[in-house]
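Chain by chain, the residues run as shown.
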Amino acid sequence: MKSNEKVLLRGSEAIGEAALRAGCQCYFGYPITPQNELPEYMARRMGELPGRTFVQSESELAAINMVYGASATGARVMTSSSSPGVSLMQEGISYLAACEFPSVIVNIIRGGPGLGNIAPAQSDYFQATRGGGHGDYRCIVLAPGFLQESVDLTYRAFDLADEYRIPVLILGDGMMGQMMEPVVLPAFREDLPKKEWAITGAGKGKSRFIRSLLLDVHVEESHNWKLYRKYQRIERREPRSDSYAVEDAELVVVAYGTAARIAKGAVRRLRARGVKVGLFRPITLWPFPAKALAGLAESVGRFLVFEMSMGQLVEDVKLALNGKAEVELYGRPGGVVVTPVELSRILSRRYNAMRHEA
Amino acid sequence: MKGMKKIIGRPKYLKDVPNHYCPGCGHSTIHRLLAEVIEELDIRDRAICIPPCGCAVLAYDYIDIDMVEAAHGRGTAVATGMKRCLPDRVVFTYQGDGDLAAIGTAELIHSANRGESITTIFVNNGVYGMTGGQMAPTTVVGQKTTTTPKGRNPGVDGPPMKMCEFLAPLDGTVFLARSTVHSPKQIKQTKKYIRQAFESQLRDEGFSMVEILSQCPSNWKLSPVECCGWIEEGMIPQFPLGVYKQRQTEPS
Ligand SMILES: Cc1ncc(C[n+]2csc(CCOP(=O)(O)OP(=O)(O)O)c2C)c(N)n1
């Protein structure tokens, strides 16, 4: 596949190919639907490219710890799974965060809790944005809304992971994984960053170690402060969002990923009828684009959060708006995918009720 | 001094610091053996240790090589990730019986079965040392621990797990041996096994493990000397010593 030329790719392939071009040297993973196409793609492509390692692990627990080991040596490394598997990875993600090991973790979310189903869902929002495992930590969380963005964000995820020495999560769902769209692929990275901190054997120098056991509470506290300051830096620099038809909007939908695609269709339909609705789409879920959203509240009095989960994204929206505007939730959990037509009906009902109140 | 020869000293790669191990504990002896073998094989530049969650978690304070601490039981998965990226390094895990034979069993078996070219130093003291002496997968039948106050009952707790025997049938394992550090003779034998395991890894043959029966005076509630008796009478009959597997390498 040539760089800088349009090619038609499936969602999972788009993520895989972008990762390989970003210099992803190792992939470790365990099968789970609806993301099997991604490890299958990596198994095939990594065999064709020089210097790549693919291991099908015995569990997600093992996969994330292989990620941990590979990352410790300075390699660019990725794993992917779906909700139940990502739950198993939480221990390892906590250790990755503690040791500041760069890593990229793709979660193709499915309906839950428990075994749930394999339909598109967004119910792992809290798990992703609040850390997910034990201890005070955050992961950068990216939520592409279309396949070109999957490519661009996956490519960028490896740079973010290295720059901040942090695990980066990419959230998608079965719909994003299966659909096909034309994308332009970036070139293969050759200038990968040097990692002075990597553990590669002491050579002739001083021996080094990386650990997360910090028995002295003051040492653990200062490590937590260091992490916290890093998270603050990320919160200042890295929030990203997109908006659509918000200029004169009276009601703005907040949605990400697949939900945002549906919402955009609904907004477009309503706009064609002169209904003044718009869309705000967080691209980074952590750091949450709170400032941009709060800015919108200068002109917009009412927000409707549309999420494929039950009351998760809405919490960040309320925190960002901090009482500046009315916030309502329209959640569809369990893997249900509403159509833009259905959502436009919901929206226009809310819109009319709102005008009626006014 | 003139006319005198130094016959024993601190190994070059054992840091000159007091360690935290209890008097009579086997871990410190094993650390010393590792430092000696690393020096003799001249692999300090290439050796990477993955210490466990367990009493040996602070191994990086004592042995002068690069280390990456693993989550409880995940050592061999971490080692897999490291060795796949650094195939010319000597990567070894250091694990207790809880770490290796309970919470980390799946990672161990699958790393061994894949024939990962790594070495595991398995310290079998029959209890969970770090957490205060609870039953381990290798606690022998009848042995009292804080969670088996009446002694291990195989009907309820299962019998002890024998890891060398367990791994021997796997094609990926190339060197498996069990020894102790309770006598000078056995300490020498253990050192030889560690050396053989590392040499096997240097030849990139596959998975190697040395299981070392090791004293734990504090949790066995025995004196260091009594511990040696317990190894003889309580443990060796359950965990026979010797080489369980050794791939015969073709002469090249
Ligand atoms: C996930 C998790 N569960 C439990 C523990 C607590 N823990 C720390 S070490 C250990 C077992 C120690 O026993 P062993 O592996 O036999 O090593 P030893 O201390 O005896 O050398 C346990 C249960 C932990 N650190 N992580």
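Residues numbered from 1 in each chain as written. Chains lettered and ligands numbered in written order. Predicted model: local features only at pLDDT ≥ 70, side-chain atom pairs only at ≥ 80, totals over all residues. Heavy atoms only, no water.

Trainee: Help me understand the domain arrangement of chain A, please; the structure alone is not making it clear to me.
Mentor: It is common to give the size of an interface as the accessible area that goes away when the parts come together. All names here are of chain A. The domain boundaries assigned to chain A delineate domain 1 (6-192 + 210-237) and domain 2 (241-357). Taken together, both faces of the contact between domain 1 and domain 2 bury some 2,400 Å²; the carbon and sulfur share is 55%. For domain 1, the biggest contributors to the area lost against domain 2 are Gln122, Tyr125 and Phe126; these three give 30% of the whole. Our enumeration of links across domain 1 and domain 2 arrives at 3 salt bridges. Linking Arg130 and Asp316 is a salt bridge whose minimum nitrogen-to-oxygen distance equals 2.9 Å. At the boundary of domain 1 with domain 2, the tally comes to 15 residue pairs in polar contact (both at pLDDT 80 or more). When residues of the side of domain 1 that touches domain 2 are traced back to their parent elements, those giving at least two are α5 (125-129), β6 (140-142), α6 (147-164), β7 (167-173), α7 (174-178) and α8 (217-237). Each residue belonging to the side of domain 1 that touches domain 2 can be placed in one class, and the counts come to 19 nonpolar, 6 polar and 7 charged. (Domains from an automatic or database assignment. Buried area = accessible area lost by both parts, 1.4 Å probe. Salt bridge = Lys/Arg side-chain N within 4 Å of Asp/Glu carboxyl O. Polar contact = N/O pair within 3.5 Å; in protein donor to acceptor, adjacent residues only side chain to side chain. Helix = DSSP H or I, 4+ residues; strand = E, 2+ residues; numbered from the N terminus. Nonpolar A, V, L, I, M, F, W, Y, C, P; charged D, E, K, R; others polar.)

Trainee: What is the right way to look at the pattern of salt bridges in this model?
Mentor: Pairs can form between side chains of opposite charge whenever their charged atoms are close. Residues and elements named next belong to chain A. A complete count under the given rule lists 40 salt bridges over all chains for this structure. Here Arg189 ties to Asp191 by a salt bridge, and the two come within 2.9 Å at their closest N and O atoms. Taking relative accessible area as the criterion, Asp191 reaches 55% and is therefore assigned exposed. Here the salt bridges share partners, and the residues they tie into one network are Arg76, Asp159, Asp162, Arg189, Asp191 and Lys195. (Buried < 20%, exposed > 50% of the residue type's maximum accessible area, 1.4 Å probe, protein only.)

Trainee: What's the story with the interface of chain B and chain A in this structure? I'm lost.
Mentor: Contacts between chain B and chain A engage 33 residues on the former and 35 residues on the latter. In terms of surface lost to chain A, no three residues of chain B exceed Asp66(B), Glu69(B) and Cys85(B), which account for 21% of the buried area on that side. When the shortest N-O distance is used, the salt bridge between Arg74(B) and Glu91(A) registers 3.0 Å. Joining chain B to chain A, the criterion identifies 17 residue pairs in polar contact (both at pLDDT 80 or more). Of all the secondary structure elements, the ones that give two or more residues to the side of chain B that touches chain A are β1 (47-50), β2 (66-68), α2 (75-85) and α4 (105-113) of chain B. With 7 residues, α2(B) is the single largest residue contributor to the side of chain B that touches chain A. Pairing of strand β9 (residues 209-210) of chain A with β2(B), which is carried by 2 bridges, proceeds in the parallel orientation. Each bridged residue has a counterpart across the sheet, and for Ile210(A) the counterpart in β2(B) is Val68(B). (Contact = heavy atoms within 4.5 Å. Pairing = 2+ DSSP bridges.)

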